[in-house]
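Each chain is listed here by its residues.
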Amino acid sequence: MEVKLACMVCSVKVRLKAGCSSVVRSAVGRLVQLVNRGRCTKVHRNFNLEKLRNGYLFTEIARRELQHLEKYPNAKVISLGIGDTTQPIPDNISMSMANYARALATAEGYRGYGAEQGNKELRKAIAETHYKDVLVKESEVFVSDGSQCDIARLLLVLGSNVTVAAQDPSFPAYIDSSVIVGQAGDLEDEVGKYCNIEYLECGPGNNFFPDLKGTSRTDIIFFCSPNNPTGHAATQNQLEQLVEFARNNGSIIIFDSAYAAYVTDGCPRSIYEIPGAREVAIEISSFSKFSGFTGVRLGWTVVPEELLFSSGFPVINDFNRIICTCFNGASNIAQAGGLACLSSEGLEAVHSVVDYYKENTKILIDTLASLGIKVYGGINAPYVWAHFPGRKSWDVFAEILEKTHITTVPGSGFGPGGEEYIRISGFGHRESILEASRRLEALF
Amino acid sequence: IARRKAAHMLKYPDAEVISLGIGDTTEPIPEVITSALAKRSYALSTQEGYSGYGAEQGEKPLRAAIASTFYKDLGIEEGDIFVSDGAKCDISRLQIVFGSNVTMAVQDPSYPAYVDSSVIMGQTGEFQKDAEKYGKIEYMRCTAENGFFPDLSTVARTDIIFFCSPNNPTGAAATREQLTRLVQFAKDNGSIIVYDSAYALYISDDNPRSIFEIPGAKEVAIETSSFSKYAGFTGVRLGWTVIPKELLFSDGFPVAKDFNRIVCTCFNGASNISQAGGLACLSPEGFKAVHEVIGFYKENTDIIVETFNSLGFKVYGGKNAPYVWVQFPGRSSWDVFSEILEKTHVVTTPGSGFGPGGEGFIRVSAFGHRGNVLEACKRFKHLYK
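So, how was this worked out
Residues numbered from 1 in each chain as written. Chains lettered and ligands numbered in written order. Predicted model: local features only at pLDDT ≥ 70, side-chain atom pairs only at ≥ 80, totals over all residues. Heavy atoms only, no water. UniProt positions renumbered as here; feature names shortened; annotations may be inferred. Helix = DSSP H or I, 4+ residues; strand = E, 2+ residues; numbered from the N terminus. Contact = heavy atoms within 4.5 Å. Polar contact = N/O pair within 3.5 Å; in protein donor to acceptor, adjacent residues only side chain to side chain. Pairing = 2+ DSSP bridges. Axes fitted to C-alpha atoms, helices over the stretch in contact; angles between N-to-C directions. Parallel < 35°, antiparallel > 145°, perpendicular 65-115°, else oblique. Nonpolar A, V, L, I, M, F, W, Y, C, P; charged D, E, K, R; others polar. Left-handed = near helix turned anticlockwise from the far one by under 90°. Buried < 20%, exposed > 50% of the residue type's maximum accessible area, 1.4 Å probe, protein only. Expected span 1.5 Å × (residues − 1). Buried area = accessible area lost by both parts, 1.4 Å probe. Salt bridge = Lys/Arg side-chain N within 4 Å of Asp/Glu carboxyl O. Core = buried A, V, L, I, M, F, W, Y, C linked by side-chain atoms within 4.5 Å. Domains from an automatic or database assignment. Phe/Tyr/Trp six-rings, centres within 6.5 Å; stacked < 30°, edge-to-face > 60°. Lys NZ or Arg CZ within 6 Å of the ring centre and 35° of its normal.

For chain B, an unreviewed UniProt entry supplies the name Aminotransferase class I/classII large domain-containing protein and the organism Citrus sinensis. Annotation of chain B in UniProt includes, under Cofactor (unreviewed entry), the sentence "pyridoxal 5'-phosphate".

Going by what an unreviewed UniProt entry lists, chain A is known as Aminotransferase ALD1 and is assigned to Citrus sinensis.

Printed below as a string of structure tokens:
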């Protein structure tokens with residue numbers, strides 16, 4: 001085993017052989033740091049960032065996939081890990097974007113800065129398409145370049161002095177962003193939890209819905225449904241409990257509905273289907289998994305006018321201020337594409353791509369179930385949550401990658417509640433999904 | 001300003017209001033670039049051309065093109081470049097990296113996003129109404145008297161120094177000598193310069209286009225820039241930030257690593273279509289076309305400068321930036337703004353909107369159709385003859 005140390009400035013690299021005493025290693029490490037220190041600024045590193053452990057989950061998955069490819073250059077690696085869409089964007093939508101782009105070369109079609117809140121027509125279309133029966137106003141819809149960015153901006157609005165709850169397991173950006181903004185406190189290494197975050201455990205034992213009676217009050221509650229990674233879509237009844245919990249506690253729910261289009265069994269697609277939600281909930285969503293816009297970058301956030309801080313100040317006013325100061329609007333071309341997605345022709349096309357991924361997911365569920373593996377999710381979301389009792393999820397991840405050349409995501413990457421689970425995503429070309437199924441059958 | 005403009009238009013529904021206020025580009029994007037944007041859009045509907053999530057730091061060819069176009073021979077590599085959806089967003093992400101416990105300095109006057117984002121992050125004290133300044137921010141006065149470069153001997157140490165050159169709003173471009181002093185100041189104080197070079201291509205003379213032209217800058221500076229004012233990408237959204245590997249926090253930790261973490265967690269990359277457009281901007285044909293559009297705006301600027309000069313005003317900027325900084329000594333800039341709007345139906349920007357150091361000045365931006373710029377100048381001549 002070798003330990004490599006590198007001086008950031010003069011590119012001197014030091015390689016210490018195995019057997020080198022830890023004292024020597026530590027001394028060399030400090031020496032390298034001292035050399036660096038002569039050229040360092042005097043600006044202290046943000047101690048919040050020091051609390052982040054490792055890299056962002058999906059960056060780590062990508063890294064391991066690359067490593068694997070280097071080891072097996074001829075392997076046909078199938079990626080069912082990062083939830084990245086694979087199917088082309090429907091023609092009429094990409095045509096709209098191309099036409100909009102070409103128009104930018106003309107005097108009549110050229111547009112400069114757009115409203116930071118988004119193009120009016122698009123805001124209206126989002127309100128009318130996704131919130132048809134729940135009375136969300138155009139003025140409450142803020143178009144963005146995607147949920148990951150919206151989460152960070154929302155936390156900027158809320159500041160470092162709020163307490164946060166998140167599902168366990170959950171999409172890592174909620175907790176990571178919370179750490180970055182300074183809300184999370186220190187990491188308790190042994191349990192892998194941040195001490196100021198309330199973890200809402202979701203597992204088969206509680207129907208993937210937290211026991212709210214045993215949950216402490218926090219200012220903010222992140223809730224994703226249909227859920228990434230478990231695939232569970234909360235029922236009307238469960239969401240009513242959540243809204244009541246928030247109302248009683250004076251909390252704000254940040255409801256992530258990015259996978260609403262995948263709901264199959266009648267579960268709510270928006271938090272605003274729950275009466276009273278407008279006074280306690282913000283909803284974020286995205287065109288990424290809906291229209292294959294993972295690279296195009298388009299999403300939105302709904303902040304109802306009735307949502308007020310404890311002083312009575314409308315949250316929407318502060319969100320608008322952040323949008324105007326820290327953002328300059330989503331790309332106008334992407335917004336043109338979004339508008340095309342919401343036309344009747346666009347919706348039809350986009351739904352058939354969603355159906356394609358849903359069929360993929362079904363194939364994966366069937367395969368795993370037939371192998372006797374306990375699987376969850378997959379019905380209302382493009383994710384299958386497979387249980388490997390007694391095993392560490394990174395070990396299962398590594399085994400699957402090594403033996404079948406399939407990338408998945410280890411459940412513990414989503415929080416301690418994900419240990420023993422693997423998330424398998426249903427995005428991919430049909431042939432890849434079928435091939436992956438064959439390989440999994442061979443392995444298990 | 002938008003509010004006042006709207007109120008004015010209600011009052012004078014038949015007036016032809018000309019906007020030389022917000023620095024918004026008006027000329028179409030050159031076709032060589034829009035066809036690349038269109039091509040990438042179409043490609044997304046094909047099997048071979050479809051791409052999902054891109055690298056959060058940006059597409060490799062674009063990063064490489066930015067490095068070789070703007071930072072050739074300056075020791076800045078592709079890996080030091082982070083593509084973004086624009087400077088305003090980058091500034092906020094940099095502020096998130098720095099956190100709330102840093103102190104910062106800004107030029108006075110300056111682009112409001114530096115101060116506003118600092119307030120949002122919790123780095124500042126209360127707003128002091130009388131001084132029109134936030135507590136804990138070091139305001140570096142830039143005036144006609146000091147050639148719009150602060151007297152660094154009077155500037156207290158701060159962790160971060162925001163510096164924009166060519167400057168919005170004054171139009172001043174710092175000289176090599178001035179930037180050398182700035183870099184030395186940062187070195188002596190162990191500070192980090194955030195250098196905004198969004199208008200670098202507007203420089204007409206020999207002034208540095210990048211902070212990294214100054215030896216030693218890689219250990220003290222971050223540079224941020226944008227395609228907005230070069231390629232008319234104000235709506236398309238594309239920019240970049242350069243963080244050299246040599247830039248380290250006090251404990252030796254590389255700033256680029258923390259920025260990368262923020263970019264991976266709080267961002268998901270600039271739109272792939274916009275990036276395809278950016279790459280086209282940096283092709284030989286695209287870059288030539290970009291320079292033509294910049295040239296057009298520079299001609300606008302010349303017309304505006306000449307107009308105010310001929311009227312006997314003290315005029316600054318305009319040579320290295322698309323902004324003209326006109327002095328109205330002893331007058332409140334909001335009053336002048338109102339007067340110009342009321343009497344000529346031209347929207348400008350009152351200098352005090354950029355900080356107390358902007359009082360007594362009006363910023364006239366040179367983005368506009370030639371006809372509008374000429375008409376506006378005609379009206380100015382009529383008002384101030």
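A separate point is the environment of Asn380 of chain A. All names here are of chain A. Positionally, Asn380 belongs in the loop between strand 13 (374-377) and strand 14 (383-387). Ignoring sequence-local partners within four residues, the contact set of Asn380 consists of Pro226, Gly231, Ala233, Tyr259, Tyr262, Val263, Thr264, Asp265 and Cys267. For Asn380, the side chain forms a polar contact with the main-chain nitrogen of Thr264, separated by 2.6 Å. A polar atom in the side chain of Asn380 sits 3.0 Å from the side chain of Asp265.

Attention now moves to the sheet that holds strand 17 (residues 421-425) of chain A. Residue and element names in this part refer to chain A. Spatial strand order, 13-14-17-16: four strands in an open sheet with antiparallel pairing. Two strands close off the open sheet at either side, each with one partner strand: strand 13 and strand 16 (409-410). For strand 14 and strand 17, the ladder comprises five bridges, and the chain directions are antiparallel. Bridge assignment links His387 to a residue of strand 17, and that residue is Tyr421.

This paragraph deals with the packing of helix 11 (residues 333-344) of chain B against helix 12 (residues 370-384) of chain B. All names here are of chain B. Following both chains from N to C, one finds helix 11 and helix 12 inclined at 105 degrees, their axes separated by 10 Å at the closest point. When the interaxial angle is binned, helix 11 and helix 12 end up roughly perpendicular. Residues Val336, Glu339, Ile340, Lys343 and Thr344 of helix 11 touch helix 12, and the partners they reach there are Arg379, Phe380, Leu383 and Tyr384. Within the contact of helix 11 with helix 12, the residues separate by chemical class into five nonpolar, one polar and three charged.

Remark: helix 10 (residues 315-326) of chain A packs on helix 5 (residues 113-121) of chain B, axes separated minimally by 10 Å, with the N-to-C direction vectors making an angle of 140 degrees. As summarised for this structure, helix 10 of chain A and helix 5 of chain B are arranged oblique, according to the angle between their axes. In this structure, helix 10 of chain A crosses over helix 5 of chain B, and the sense of that crossing is left-handed. Residues Arg321, Ile322, Thr325 and Cys326 of chain A of helix 10 of chain A touch helix 5 of chain B, and the partners they reach there are Ala113, Asp116, Ser117 and Ile120 of chain B. Looking at the contact of helix 10 of chain A with helix 5 of chain B, its residues break down into four nonpolar, two polar and two charged.

The next subject is the pairing of strand 5 (residues 164-168) of chain A. All names here are of chain A. For strand 5, a buried count of five out of five residues is recorded, marking the element as mostly surrounded by other parts of the structure. Relative to strand 9 (residues 220-224), strand 5 runs parallel, the two being bridged by three bridges. Looking at the pairing, Ala165 lines up with Ile221 of strand 9.

Here we come to helix 3 (residues 57-71) of chain A. In a regular helix each residue adds 1.5 Å, so 15 residues correspond to 21 Å; helix 3 of chain A covers 21 Å between its end C-alpha atoms and thus fits that length. Check the buried side of helix 3 of chain A and you find it contacts strand 3 (78-79), helix 7 (172-181), helix 13 (393-404), strand 15 (406-407), strand 16 and strand 17 of chain A.

To continue, consider the interface of chain B and chain A. Each partner contributes to the interface: chain B provides 75 residues, whereas chain A provides 76 residues. Here chain B packs against chain A, burying approximately 6100 Å² in sum over the two surfaces, 57% of which is carbon and sulfur. Area buried by chain B at its contact with chain A is led by Tyr50, Tyr53 and Arg261 of chain B, which between them contribute 12% of it. Connecting chain B to chain A are five salt bridges. Here Glu116 of chain A makes a salt bridge to Lys88 of chain B, at a shortest N to O gap of 3.5 Å. Remark: the boundary between chain B and chain A carries 37 residue pairs in polar contact (both at pLDDT 80 or more). Breaking the side of chain B that touches chain A down by element, the ones donating at least two residues are helix 2 (31-43), helix 4 (87-98), helix 5, helix 6 (176-189), helix 7 (228-231), helix 8 (255-265) and helix 9 (272-281) of chain B.

A separate point is the nonpolar core. Counting residues in each nonpolar core, the largest one holds 122 residues, and the members touching the most others are Phe287 of chain A together with Ile66, Tyr71 and Phe233 of chain B. Both domains that furnish three or more residues to this core are identified here as domain 1 (1-28 + 286-384) and domain 2 (60-282) of chain B. Apart from residues no more than four positions distant in its own chain, Phe287 of chain A is found in contact with Leu122, Ile126, Gly292, Phe293, Leu298, Gly299, Trp300, Gly338, Cys341 and Leu342 of chain A. Core analysis: the second largest hydrophobic core is formed by 105 residues, Ala152 and Tyr421 of chain A together with Met121 and Cys266 of chain B among them.

Below, the discussion takes up the pattern of salt bridges. If charged atoms from side chains of opposite charge come close, those side chains can pair. The tally for this structure, following the rule as stated, stands at 45 salt bridges over all chains. The salt bridge partner of Asp258 of chain B is Arg45 of chain A, with a shortest N-O separation of 2.8 Å. Residue Asp258 of chain B is found in helix 8, and its partner Arg45 of chain A is found in the loop between helix 1 (22-38) and helix 2 (47-50); the two belong to separate chains. You can call Arg45 of chain A buried: its relative accessible area is 15%. Between Arg379 of chain B and Glu375 of chain B there is a salt bridge; the shortest N-O distance is 2.9 Å. Of the two residues, Arg379 of chain B and Glu375 of chain B are both situated in helix 12; the distance of four residues between them amounts to about one turn of the helix. Accessibility expressed as a relative area gives 17% for Arg379 of chain B, which makes it buried. The class for Glu375 of chain B is partly exposed, based on a relative accessible area of 28%.

The next thing to look at is the domain arrangement of chain B. Residues and elements named next belong to chain B. Domain annotation for chain B reports domain 1 (1-28 + 286-384) and domain 2 (60-282). A combined buried area of about 2600 Å² lies between domain 1 and domain 2, and 61% of that area is made up of carbon and sulfur atoms. In this assembly, domain 1 and domain 2 are joined by one salt bridge. Among the salt bridges present, the one from Asp205 reaches Lys319, with a minimum N-O distance of 2.9 Å. Where domain 1 touches domain 2, the interface holds 15 residue pairs in polar contact (both at pLDDT 80 or more). Looking at the side of domain 1 that touches domain 2, the elements that each hand over two or more residues are helix 10 (284-310), strand 11 (314-317) and strand 12 (323-327). A per-element tally of the side of domain 1 that touches domain 2 places helix 10 first, with seven residues.

Glancing now at the UniProt feature "domain: Aminotransferase class I/classII large" (unreviewed entry) in chain B. The UniProt entry lists residues 16-380 of chain B under the feature "domain: Aminotransferase class I/classII large" (unreviewed entry), expressed in the numbering used here. Across residues 16-380 of chain B one finds 37% helix and 16% strand; the C-alpha atoms that close the span lie 14 Å apart.

Hydrogen bonds between backbone atoms are what pair the strands of a sheet, whose relative direction is either parallel or antiparallel. Residues and elements named next belong to chain A. Across the sheet, seven strands lie side by side as 4-12-11-10-9-5-8; this open sheet has mixed pairing. Pairing within the sheet leaves two strands with one partner each, and these edge strands are strand 4 (141-144) and strand 8 (197-201). Taking the axes of each pair of neighbouring strands and ignoring which way they run, one obtains an average angle of 20 degrees across the sheet.

On to the packing of aromatic side chains. Going through the model one piece at a time under the given rule, you end up with 51 aromatic pairs over all chains. Where Tyr71 of chain B meets Phe212 of chain B, the ring centres are 6.2 Å apart and the plane angle is 70 degrees; that geometry is what we call edge-to-face. Placement of the pair is Tyr71 of chain B in the loop between helix 3 (60-70) and strand 2 (81-84) and Phe212 of chain B in the loop between strand 8 (192-196) and strand 9 (221-226), with a sequence separation of 141 residues. Aromatic pair Phe313 of chain B and Phe328 of chain B: ring centres 4.8 Å apart, planes at 50 degrees, arrangement tilted. Here Phe313 of chain B, found in the loop between helix 10 and strand 11, pairs with Phe328 of chain B, found in the loop between strand 12 and helix 11; they are 15 residues apart in sequence, far enough to count as distant. Exposure class is identical for Phe313 of chain B and Phe328 of chain B. Each is buried. An aromatic cluster of at least three residues, connected via ring pairs, comprises Phe58, Phe171, Tyr174, Phe208, Phe222, Tyr376, Trp385, Phe414 and Tyr421 of chain A. Lying across the ring of Phe327 of chain A, Arg153 of chain A places its NZ or CZ 3.8 Å from the centre. Above the plane of the ring of Tyr356 of chain A lies Arg430 of chain A, whose end atom (NZ or CZ) is 4.5 Å from the centre.

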